[in-house]
Amino acid sequence: MSVDRYLASLAETLAAVPREPLRAIEETLWQTYLRDGTIIICGNGGSAATASHFACDLAKWTISDGRRRLRALALTDNVPVMTAWSNDTAYERVFVEQVMSLYRPGDTLVAISGSGNSPNVLRAVEWMASQGAVTIGLTGFDGGKLATLAQIAVVVPSHFMPEVEDVHIAICHSLAVALGKRIGIECL
């Protein structure tokens with residue numbers, strides 16, 4: 001695939017992403033901020049990088065003078081904890097064990113999985129849902145189990161992982177920018 005064809009295909013895929021779930025995610029993250037909750041994010045591989053990037057953007061791009069800061073963290077950022085749980089139990093427990101320690105009522109989980117079938121992501125979603133937390137899923141392909149397990153899900157309409165991951169990061173950027181605007185403007 002040429003660069004031109006890839007970018008054209010990516011633009012088509014991005015344009016085809018359903019907007020209603022994105023609006024629901026933005027509102028959910030806004031409500032998490034208003035109730036002083038934490039946005040907890042997880043994913044594997046490229047989705048782990050997206051989780052870390054999203055947590056960074058939420059923490060940085062949403063700062064507004066005189067306003068309370070938004071709390072966001074990526075479960076992918078503590079490599080020693082991840083390797084300890086992987087070694088001592090199973091890799092599918094690396095995220096659920098962390099959320100069991102970190103979760104506070106009012107928190108929201110953003111789970112990112114290109115395939116929608118990552119067992120460690122699904123365990124975290126299941127546990128957070130059992131606590132009454134709102135769960136958000138970003139996935140692709142046919143949505144996998146994550147699309148039905150998460151309370152709000154966006155399924156990127158592509159079966160090509162690089163495209164799915166590119167659209168996920170664009171979604172995360174759009175959400176961080178939108179939340180930054182709301183914190184700066186709507187809290188006045």
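Provided above is the structure to which this section pertains.
Residues numbered from 1 in each chain as written. Predicted model: local features only at pLDDT ≥ 70, side-chain atom pairs only at ≥ 80, totals over all residues. Heavy atoms only, no water.

Enquirer: Just to check I follow, could you spell out helix α2 (residues 19-34) for this structure?
Expert: Residue pairs three or four apart in sequence face the same way in an α-helix, which turns once every 3.6 residues. The end-to-end C-alpha separation of α2 is 23 Å, in line with the 22 Å expected for 16 residues at 1.5 Å each. For α2, the full list of buried residues reads Pro21, Leu22, Ile25, Thr28, Leu29, Trp30, Thr32 and Tyr33. Where α2 is buried, its residues meet β1 (38-43), α3 (46-61), β3 (108-113), β4 (134-139), β5 (152-155) and α8 (161-185). Looking at the residues trailing α2, positive phi occurs at Asp36, about 65°. (Helix = DSSP H or I, 4+ residues; strand = E, 2+ residues; numbered from the N terminus. Expected span 1.5 Å × (residues − 1). Buried < 20%, exposed > 50% of the residue type's maximum accessible area, 1.4 Å probe, protein only. Contact = heavy atoms within 4.5 Å.)

Enquirer: What should I look at first to understand the packing of α2 against α8 in this one?
Expert: Closest axis-to-axis distance for the α2/α8 pair is 10 Å, and the angle between their directions is 45°. As the angle between them shows, α2 and α8 are arranged oblique. The hand of the α2/α8 crossing is right-handed. Facing Leu22, Ile25, Glu26, Glu27, Leu29, Trp30 and Tyr33 of α2, the residues of α8 in contact are Ile171, Leu175, Ala178, Leu179, Arg182 and Ile183. Residue classes in the contact of α2 with α8 are distributed as 10 nonpolar, no polar and three charged. (Axes fitted to C-alpha atoms, helices over the stretch in contact; angles between N-to-C directions. Parallel < 35°, antiparallel > 145°, perpendicular 65-115°, else oblique. Left-handed = near helix turned anticlockwise from the far one by under 90°. Nonpolar A, V, L, I, M, F, W, Y, C, P; charged D, E, K, R; others polar.)

Enquirer: What am I meant to see in the sheet that holds β3 here?
Expert: Here five strands make up an open sheet; going across it, the order is β2-β1-β3-β4-β5 and the pairing parallel. What marks the edges here is a single partner per strand, and that holds for β2 (71-74) and β5. Neighbour-to-neighbour, the strand axes of the sheet open up by a mean angle of 15°, direction not taken into account. Judged from the five bridges that link them, β1 and β3 form a sheet pairing that is parallel. Of the residues in β3, the one forming a bridge with Gly43 is Ile112. (Pairing = 2+ DSSP bridges.)

Enquirer: Explain the state of the cysteines here, please?
Expert: Think of a disulfide as a covalent bridge from one cysteine sulfur atom to another cysteine sulfur atom. Enumeration over the complete set of coordinates arrives at zero disulfides. Of the cysteine sulfurs around Cys42, a residue in no disulfide, the closest is that of Cys172, at 12 Å. The exposure class assigned to Cys42 is buried, which follows from its relative accessible area of 0%. (Disulfide = S-S within 2.5 Å.)

Enquirer: Just to check I follow, could you spell out the packing of aromatic side chains for this structure?
Expert: How two aromatic rings sit relative to each other is given by the distance of their centres and the angle of their planes. Inspection of the entire model under this criterion finds three aromatic pairs. Ring centres of Tyr6 and Phe160 lie 6.1 Å apart, and the angle between their planes is 70°; this geometry places the pair in the edge-to-face category. Pair noted here: Tyr6 is in helix α1 (residues 3-16) and Phe160 is in the loop between β5 and α8, with a separation of 154 residues, a long-range link. Judged by relative accessible area, which is 37%, Phe160 ranks as partly exposed. (Phe/Tyr/Trp six-rings, centres within 6.5 Å; stacked < 30°, edge-to-face > 60°.)

Enquirer: Help me understand α1 in this model?
Expert: When the terminal C-alpha atoms of α1 are compared, their 20 Å separation across 14 residues agrees well with the 20 Å that a helix rising 1.5 Å per residue should span. Inspection of α1 places Tyr6, Ser9, Leu10 and Thr13 among the buried residues, and these make up the whole buried set. Within α1, the buried residues cover an arc of 105° as seen down the axis, which keeps them to one side. The exposed set on the far side of α1, more than 90 degrees from its buried face, consists of Asp4, Glu12 and Ala15. Each element contacted by the buried residues of α1 is listed here: α8. (Arc of directions from axis to C-beta.)

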